[in-house]
Structures are given as structure tokens and as C-alpha cells.
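Next come the chains, spelled out residue by residue.
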Amino acid sequence: MRINGSWRLCDDGIVRPVVWGEVRAYDGSWVQAFFLTDCAADRTVLSENVWRSLGLAGVATKDRLEGVGGSATSVVVETQIRMAQETGQTVLFKGTSRRLRTRPALDISVLGRDISNMFALIVDRPQDVVCLLGRGHQYKIFQA
């Protein structure tokens, strides 16, 4: 299984590694989202815009999310995330995601290790590669 990503120019002018996915809304429709591939993020976190588009109520939690910007409260959202494989088939991730209660709001969703730990995460700027490798794929590191 291979899920391809890309290097995306974000609104702040910085190029970041992302994978494209969709998040299931309250009515069963799918909302498009880019997910920053953050190998240090413990959990997947939805951006403010994606969360609002879902129409799902969040459940308050006492758990705080920690990061470079400090500590933040969050709400838990029960939903599904799907991503396209290189074959065109989709892979579905079921479970909970978070939405931060911070201002300014998070402007890009973050793919956390709750999902990325199921894969080898390749983030290679010089070779212009961003991908998640699962069953049936492997990689080698060698001196060129």
C-alpha cells in the first residue's frame, strides 16, 4: 500500500509535506483536507475549517495537546478519514480526531502517529517525495 503526498506551498509562503485525504461529515458526505505529515504529532488534529465543514459536535476532554506553541485544550470528534492509494483504491481510518481550541485557529490538519505509525513515512525534500508506505512496499537507503 502506498499513499502519495506532495510538497505544498502553504498560505504563509512555506512549503510543507502533506498528504491529501477526506473526512466524513455528519451527513455521510466527504470533506477534502490536506494533512501536514508531522512525525512528532501524537494524534491527528483537524483544522478549524475542516472541523466546521463536518457539522459534527465535539466532545470536551481534559486531555491537553502539547507542541512547539505550548499547551492547548481540544475537543474529540468521532469520524472517519480516507486516503487514496496509488492504485486508486481508498484506505479508511476509523476513530477519533481532535480539534484544538486555540486562537488563532489551526489552518491545516495534522496527520498524527495514531495513523502514520501504521506506515513508513517518507519525507524527502531533495528527491521531492512524500508518501506513506504500507504492506507490499518497501524502501532501501544506500549511498549513491
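Here's what I pulled together on the structure shown here. (Residues numbered from 1 in each chain as written. Predicted model: local features only at pLDDT ≥ 70, side-chain atom pairs only at ≥ 80, totals over all residues. Heavy atoms only, no water.)

**With respect to the nonpolar core**
Next up, step 1: Core analysis: the biggest nonpolar cluster contains 24 residues, and Val23, Phe35, Leu54, Met83 and Phe93 have the highest contact counts within it.
Next up, step 2: Apart from residues lying up to four places away in sequence, Leu54 is in contact with Val23, Arg24, Ala25, Tyr26, Val31 and Leu46. (Core = buried A, V, L, I, M, F, W, Y, C linked by side-chain atoms within 4.5 Å. Buried < 20%, exposed > 50% of the residue type's maximum accessible area, 1.4 Å probe, protein only. Contact = heavy atoms within 4.5 Å.)

**Details of the pattern of salt bridges**
Next up, step 1: Under the criterion given, the structure shown has five salt bridges.
Next up, step 2: The salt bridge involving Arg82 is made with Glu22; its shortest N-O contact spans 2.6 Å. Of the two residues, Arg82 sits in strand β6 (residues 70–84) while Glu22 sits in strand β2 (residues 15–24), which places them 60 residues apart along the sequence.
Next up, step 3: For Glu22, a relative accessible area of 12% gives the class buried. (Salt bridge = Lys/Arg side-chain N within 4 Å of Asp/Glu carboxyl O. Helix = DSSP H or I, 4+ residues; strand = E, 2+ residues; numbered from the N terminus.)

**Considering the packing of aromatic side chains**
Next up, step 1: Scanning the entire structure with this criterion turns up one aromatic pair.
Next up, step 2: Residue placement shows Arg8 over the ring face of Phe34; its charged tip is 3.8 Å from the ring centre. (Phe/Tyr/Trp six-rings, centres within 6.5 Å; stacked < 30°, edge-to-face > 60°. Lys NZ or Arg CZ within 6 Å of the ring centre and 35° of its normal.)

**As for the pairing of strand β1 (residues 2–9)**
Next up, step 1: Relative to strand β10 (residues 129–133), β1 runs antiparallel, the two being bridged by three bridges. Each residue of the ladder has a partner; that of Ile3, found in β10, is Leu132.
Next up, step 2: Linking two consecutive strands that pair antiparallel, namely β1 and β2, is a turn of five residues; a positive phi of about 85° is found at Gly13 within it. (Pairing = 2+ DSSP bridges.)

**Examining unusual backbone geometry**
Next up, step 1: Even without being glycine, Asp128 reaches a positive phi, approximately 60°.
Next up, step 2: One can find Asp128 in the loop between β9 (120–124) and β10.
Next up, step 3: Residue classification places Asp128 among the exposed positions, given a relative accessible area of 54%.

**With respect to the side chain of Thr44**
Next up, step 1: In this structure, Thr44 sits in the loop between β3 (30–37) and β4 (45–46).
Next up, step 2: Residue Thr44 is classed as buried on the basis of its relative accessible area, which comes to 1%.
Next up, step 3: Within the structure, Thr44 has its side chain in polar contact with the backbone nitrogen of Gly112 (distance 3.1 Å).
Next up, step 4: Apart from residues lying up to four places away in sequence, Thr44 is in contact with Phe35, Ile81, Ser97, Arg98, Val110, Leu111, Gly112, Asp114 and Ile115. (Polar contact = N/O pair within 3.5 Å; in protein donor to acceptor, adjacent residues only side chain to side chain.)

**Points about the environment of Lys62**
Next up, step 1: With respect to the element layout, Lys62 can be found in strand β5 (residues 59–67).
Next up, step 2: Remark: the alpha-carbon pair of Lys62 and Val75, spanning 13 residues in sequence, is separated by 8.8 Å.

**Details of the pairing of β10**
Next up, step 1: Burial runs high along β10: four of the five residues are buried.
Next up, step 2: Counting the residues between successive antiparallel strands, the hairpin from β9 to β10 contains four residues, one of them, Asp128, with a positive phi of roughly 60°.

**A short note on the environment of Leu46**
Next up, step 1: Of note, Leu46 is situated in strand β4.
Next up, step 2: Looking at Leu46, the relative accessible area reads 1%, which means it is buried.

**Quick word on the side chain of Thr37**
Next up, step 1: You can see Thr37 is positioned in strand β3.
Next up, step 2: Setting aside anything within four residues of it in sequence, one finds Thr37 in contact with Pro17, Val18, Val19, Leu121, Val123 and Val130.

**Here's the deal with the environment of Ile81**
Next up, step 1: Assignment of secondary structure puts Ile81 in strand β6.
Next up, step 2: In this structure Ile81 comes out as buried when scored by relative accessible area, which is 3%.
Next up, step 3: Between the C-alpha atom of Ile81 and that of Phe119, which follows or precedes it by 38 residues, the distance is 15 Å.
Next up, step 4: The residues touching Ile81, leaving out its near neighbours within four places in the chain, are Glu22, Val23, Trp30, Phe35, Thr44, Val91, Leu92, Phe93, Ser97 and Ile115.

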